[in-house]
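One letter stands for each residue in the lines below.
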Amino acid sequence: MKTLVIAEKPSVAQDIVKALTPVAGKFEKHDEHFENDQYVVTSAVGHLVEIQAPEEFDVKRGKWSFAHLPVIPPYFDLKPMDKTKTRLNAIVRLAKRKDVDKLINACDAGREGELIFRLIEQYAGGAKPLGKSVSRLWLQSMTPQAIRDGFGALRSNAQMLPLADAARCRSEADWLVGINGTRAMTAFNSRDGGFFLTTVGRVQTPTLSVVVEREEKIRKFISRDYWEVHATFAAQAGDYNAKWFDPKWKKAAANAAAGNTDEMDAELKADRLWTPFEAKAIADAVRGQKATVTEESKPTTQASPLLFDLTSLQREANGKFGFSAKTTLSIAQSLYERHKALTYPRTDSRALPEDYVPVVKQTFEMLADSGMKHLAPHAATALAGNYIRPSKRIFDNAKVSDHFAIIPTLQAPSGLSETEQKIYDLVVRRFMAVFFPSAEYQITTRISTAVGHSFKTEGKVLVKPGWLAIYGKEAAAEQPDNGDKSAGNLVPVKPGELVNAQAVDPKALKTRPPARYSEATLLGAMEGAGKTVEDDELRQAMQEKGLGTPATRSSIIEGLIAEKYMLREGRELIPTAKAFQLMTLLRGLGVEELSKAELTGEWEYKLAQMEQGKLSRESFMAEIAAMTERMVKKAKEYDRDTIPGDYATLSSPCPNCGGIVKENYRRYTCTGKTGTEEGCGFSFGKTPAGRTFEVAEVEQFLRDKKIGPLDGFRSKAGWPFTAEMVIKFDEETKNYKLEFDFGDDKKGEESGELIDFSGQQALGACPKCGSAVFEHGKNYVCEKAVPTLAQPTPSCDFKSGQIILQQPIEREQMSKLLATGKTDLLDKFVSMRTRRGFKAMLAWDAEAGKVNFEFAPSKFPPRKTAAKPAAKAAGTTKTGAARAATTGATAKKAPAKKAASKTAAVKTPRKTATKTPAAGLTPSEALAAVIGPEAVARPQVIKKLWDYIKANSLQDAANKRAINADAKLLAVFGKPQVTMFELAGIVGKHLS
């Protein structure tokens with residue numbers, strides 16, 4: 001009989017096989033496992049199974065109402081994850097083999113590793129348990145000897161049951177709170193109709209709360225004026241700068257004097273003055289006076305930061321390169337899985353196992369011998385200096401959790417992309433730095449005193465770079481942290497020398513609001529969320545956890561952005577109106593526990609008790625069910641009209657009566673001329689079709705009576721769409737009301753009403769007939785495709801939507817398509833079939849006579865065997881794209897295989913057009929002087945013109961849409977300057 005060993009990751013399975021081979025015999029490699037006479041070794045790829053409510057207890061999205069809540073199923077079913085079904089089925093087959101009678105859980109040593117194995121075991125058994133004995137391999141080091149020692153000290157199933165219970169409870173509790181909270185808040189917000197998805201969760205909502213609270217502080221911040229006094233003192237050896245300070249200043253005394261009894265004012269500092277008169281009086285008194293000088297100089301050291309865990313790596317990469325947490329994780333994962341260059345990245349540990357000293361030495365030897373010239377010399381220095389020694393700061397089993405810190409492996413990487421190289425370099429430099437000596441500085445504090453006033457200057461000189469040498473820092477090259485360049489190397493002052501206060505000036509400044517969160521600072525706040533918990537026991541329980549785990553924090557941030565709770569602007573994360581609305585709702589309903597880190601602290605405390613056998617699974621889950629019922633009940637029974645909150649008063653007046661429009665929880669409402677009356681009845685909901693208006697958007701909307709196109713709307717079935725909105729006068733109610741505007745261009749065509757384009761500027765020439773193309777309703781149309789005064793009966797059918805699969809098509813892009821045959825690469829298309837975003841160009845397909853998608857060439861060329869089916873399917877892709885392009889936001893993209901879309905991309909319409917010069921047009925003499933005399937297709941004419949314009953820098957510097965004519969173009973244009981929109985029309989006159 002054989003023993004099945006299930007690891008969490010393929011790399012761990014390989015390490016186990018290598019470690020067991022000397023003692024258990026050689027393993028044979030199969031597709032999904034390794035096998036010898038004693039063991040079958042396989043692995044998951046993280047979570048393969050997730051929990052779900054049984055069918056009879058689940059509530060589908062269309063029925064999300066209080067009538068079906070709360071959902072507290074008596075048990076949970078298991079559901080395979082779509083992406084990893086193949087791997088799961090392979091493990092199940094192995095577990096059911098008749099020659100396998102024992103299972104060893106070799107998943108990571110922690111709660112999640114326990115859960116991954118238990119769910120696989122349960123799923124493999126189905127209705128009837130597998131009935132095979134289970135042991136636990138508990139590894140905190142991956143050296144071959146540590147793995148063999150682990151197999152010699154396997155833990156029993158009974159020993160692991162408390163941890164398994166805690167793992168299941170965490171998973172099921174998250175499900176209950178997330179599902180019921182989301183459905184209850186969605187039901188509450190959808191009471192007035194529509195579907196307003198309002199997601200909440202144990203980790204995502206406290207994280208959002210942190211960002212909202214910071215934004216509230218920024219909005220309420222009132223800037224105060226303060227003054228500093230800056231001086232330049234002249235000594236015999238030269239000048240130096242200094243800043244006034246009060247040497248007797250004490251924080252507590254200053255706050256007491258200012259009347260701050262409850263909370264300390266962080267803006268009060270020893271070098272700040274709060275009236276201009278004090279600052280001026282000090283400057284006037286000191287200016288031109290002699291000053292005595294005292295100096296204190298002392299050495300100080302700075303150790304390198306600890307090794308990276310995932311969160312600290314994400315923070316560093318965000319601060320240095322602007323990478324999002326998600327991007328950093330995916331790059332680190334690629335370096336781990338594909339290049340085998342880094343150890344497992346999803347770790348919360350910053351230490352290494354105590355038996356890893358020899359592995360570290362081998363890694364330094366690999367780096368020293370590698371071809372990486374920017375890293376190898378430092379590795380050689382460390383080896384020559386015997387820097388790699390046991391140290392509790394680096395090697396400590398007590399600080400190693402499921403995984404150890406992220407370090408380079410013994411494999412030197414090759415073929416890294418630019419971003420992969422950046423992350424690899426970050427990790428390697430930090431890895432080497434932690435073994436190097438501390439950096440040594442000499443810090444000098446100089447106090448210059450004149451007529452009783454003290455001025456401080458600080459100098460910081462790097463004496464020995466130590467670990468900073470790895471980052472290119474050299475002795476005496478460091479500048480001080482205060483940004484005062486003259487303080488780095490202070491000019492010397494002789495003992496007893498009097499210096500002269502040459503220039504002394506007061507400097508007026510303003511206090512600044514707290515900075516918005518970046519991903520780096522938000523990751524830090526999530527990691528240290530336990531610090532905000534007041535209860536000591538709960539804070540202790542959260543000490544190792546924070547909000548989320550290193551592996552999930554990036555997905556939490558991305559999820560908040562995807563649900564429109566936050567926007568990413570540059571490096572800042574800004575909460576939206578929807579986020580403020582959620583926090584107002586949770587506070588108003590009295591379910592603030594959902595938005596506070598205490599909930600996580602409480603769970604961690606109780607789960608830790610469960611792991612120690614002090615709390616039962618049944619007791620914990622009963623508490624979670626009671627909390628879930630209470631949360632749903634509060635939302636269900638709330639009966640007031642609005643929820644109290646900090647609401648806006650708009651500056652834009654009511655479009656109906658000119659009164660003041662105010663915000664409440666659900667609506668924007670006219671409150672009459674004084675703002676305290678009933679108003680004229682004009683109002684509209686804050687969340688039409690599930691999308692929450694920002695206050696700035698409402699101001700614009702009321703002012704312009706139209707807005708858009710906006711994305712983020714959801715249909716009643718919950719699908720996203722993009723649309724414009726208008727405020728129109730309604731004859732029936734004699735008041736204004738809000739409406740979606742999907743365009744009314746069909747009405748004119750059906751009624752025969754003549755369209756007047758005389759007030760519009762053409763976007764370019766119709767690729768079908770050469771006439772002008774204009775905006776009309778929600779489309780771009782050829783002037784001959786609609787009834788006009790010049791041509792009442794349409795003779796062309798060119799039309800392309802202004803919004804295609806949720807991607808707004810700007811005027812400039814349509815002009816570019818008409819001029820050159822295709823748009824830029826656009827990145828906000830959303831497939832109607834898969835609901836996934838994709839990037840594509842819109843291109844004119846002369847063969848099909850329609851606008852189609854064109855995809856950028858793939859980095860990974862298709863397999864040769866797939867070429868024929870791909871070519872066959874190309875026509876299907878084009879047809880689907882054409883339909884999408886000509887029917888706007890309601891379009892569907894026809895399903896097609898990936899290979900087909902790639903082939904379609906190769907077959908561009910312009911290449912087809914240039915194959916038949918006989919169909920080309922002959923340029924006039926003036927135009928031929930610019931593009932040559934050969935017959936050519938119209939789009940090629942425009943392209944050649946643009947090439948000439950760019951080559952000769954003829955785009956106007958102030959207005960890129962304008963083109964300045966040189967001598968040759970003057971003969972074509974007939975005037976010194978034209979706009980890009982006129983280009984196609986002018987060129988048409990020069991072609992025959």
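To be clear, the structure that these remarks concern was listed above.
From a predicted model like this one, the values you see are computed outputs, not experimental measurements. (Residues numbered from 1 in each chain as written. Predicted model: local features only at pLDDT ≥ 70, side-chain atom pairs only at ≥ 80, totals over all residues. Heavy atoms only, no water.)

Visitor: For this particular structure, what's the right way to read the pairing of strand E14 (residues 453-464)?
Guide: The side chains of a regular strand alternate between the sheet's two faces. Relative to E14, strand E11 (residues 238-245) runs antiparallel, the two being bridged by 3 bridges. By the bridge assignment, Trp 244 is partnered in E14 with Phe 455. In the sheet, strand E13 (residues 439-450) pairs with E14 via 11 bridges, with the strands oriented antiparallel. Across the sheet, Gln 442 pairs through a bridge with Val 461, a residue of E14. (Pairing = 2+ DSSP bridges. Helix = DSSP H or I, 4+ residues; strand = E, 2+ residues; numbered from the N terminus.)

Visitor: How should the packing of aromatic side chains be read in this particular structure?
Guide: Each aromatic ring pair is described using two quantities: the centre-to-centre distance and the angle formed by the ring planes. Following the criterion strictly, the structure yields 30 aromatic pairs and no others. Their ring planes at 70 degrees and their centres at 5.6 Å tell us that Tyr 39 and Phe 151 sit as a pair that is edge-to-face. Taken together, the residues Tyr 39 in strand E4 (residues 39-43) and Phe 151 in helix H4 (residues 144-152) connect sequence positions 112 residues apart. In this structure Phe 151 comes out as buried when scored by relative accessible area, which is 12%. Aromatic pair Phe 693 and Phe 701: ring centres 5.6 Å apart, planes at 40 degrees, arrangement tilted. Side by side, Phe 693 and Phe 701 carry an identical accessibility label, which is buried. Within the aromatic cluster, the residues linked to one another by ring pairs are Tyr 668, Phe 682, Phe 684, Phe 693 and Phe 701. Over the aromatic face of Tyr 240 sits the side chain of Arg 446, whose NZ or CZ is 4.6 Å from the ring centroid. Over the ring of Phe 245 we find Lys 456; its NZ or CZ atom is 4.7 Å from the centre of that ring. (Phe/Tyr/Trp six-rings, centres within 6.5 Å; stacked < 30°, edge-to-face > 60°. Buried < 20%, exposed > 50% of the residue type's maximum accessible area, 1.4 Å probe, protein only. Lys NZ or Arg CZ within 6 Å of the ring centre and 35° of its normal.)

Visitor: Help me understand the packing of helix H9 (residues 310-321) against helix H14 (residues 519-527) in this model?
Guide: Packed helix pairs are characterised by how far apart their axes lie and by the angle those axes make with each other. Between H9 and H14, the least distance of the axes is 8 Å, while the angle of their chain directions is 160 degrees. It follows from the interaxial angle that H9 and H14 lie roughly antiparallel. Crossing of H9 against H14: the hand is left-handed. Judged by residue contacts, Thr 311, Gln 314, Arg 315, Asn 318 and Gly 319 of H9 engage Glu 519, Ala 520, Leu 523, Gly 524 and Glu 527 from H14. Taken together, the residues that form the contact of H9 with H14 break down as 2 nonpolar, 5 polar and 3 charged. (Axes fitted to C-alpha atoms, helices over the stretch in contact; angles between N-to-C directions. Parallel < 35°, antiparallel > 145°, perpendicular 65-115°, else oblique. Left-handed = near helix turned anticlockwise from the far one by under 90°. Contact = heavy atoms within 4.5 Å. Nonpolar A, V, L, I, M, F, W, Y, C, P; charged D, E, K, R; others polar.)

Visitor: Explanation requested: unusual backbone geometry in the structure shown.
Guide: Residues apart from glycine generally show negative phi values, whereas peptide bonds are mostly found in trans. Each neighbour pair has its own omega, and for Leu 69 with Pro 70 the value is -5 degrees, a cis peptide bond. The residue Pro 70 is located in the loop between strand E5 (49-52) and strand E6 (77-80) in this model. The backbone phi angle of Lys 564 is positive, close to 65 degrees, even though this residue is not glycine.

Visitor: Explain the pattern of salt bridges here, please?
Guide: Pairing is possible between side chains that carry opposite charge, provided their charged atoms lie close to one another. Following the criterion strictly, the structure yields 49 salt bridges and no others. Of the charged contacts, one joins Glu 114 and Arg 118 as a salt bridge, the two residues approaching to 3.0 Å between their closest N and O atoms. You can see Glu 114 and its partner Arg 118 sitting in helix H3 (residues 111-125), 4 residues apart, about one turn around the helix. Just as Glu 114 is buried, Arg 118 falls in that class too. The salt bridge partner of Asp 174 is Arg 202, with a shortest N-O separation of 2.5 Å. Linking Asp 174 in helix H5 (residues 157-189) with Arg 202 in the loop between H5 and helix H6 (204-220), this pair joins segments that are 28 residues apart in sequence. In this structure Arg 202 comes out as buried when scored by relative accessible area, which is 10%. Each member of the salt-bridge network shares a partner with another, and the members are Lys 2, Glu 35, Arg 97 and Asp 99. (Salt bridge = Lys/Arg side-chain N within 4 Å of Asp/Glu carboxyl O.)

Any functional reading would require information that these geometric values do not contain.
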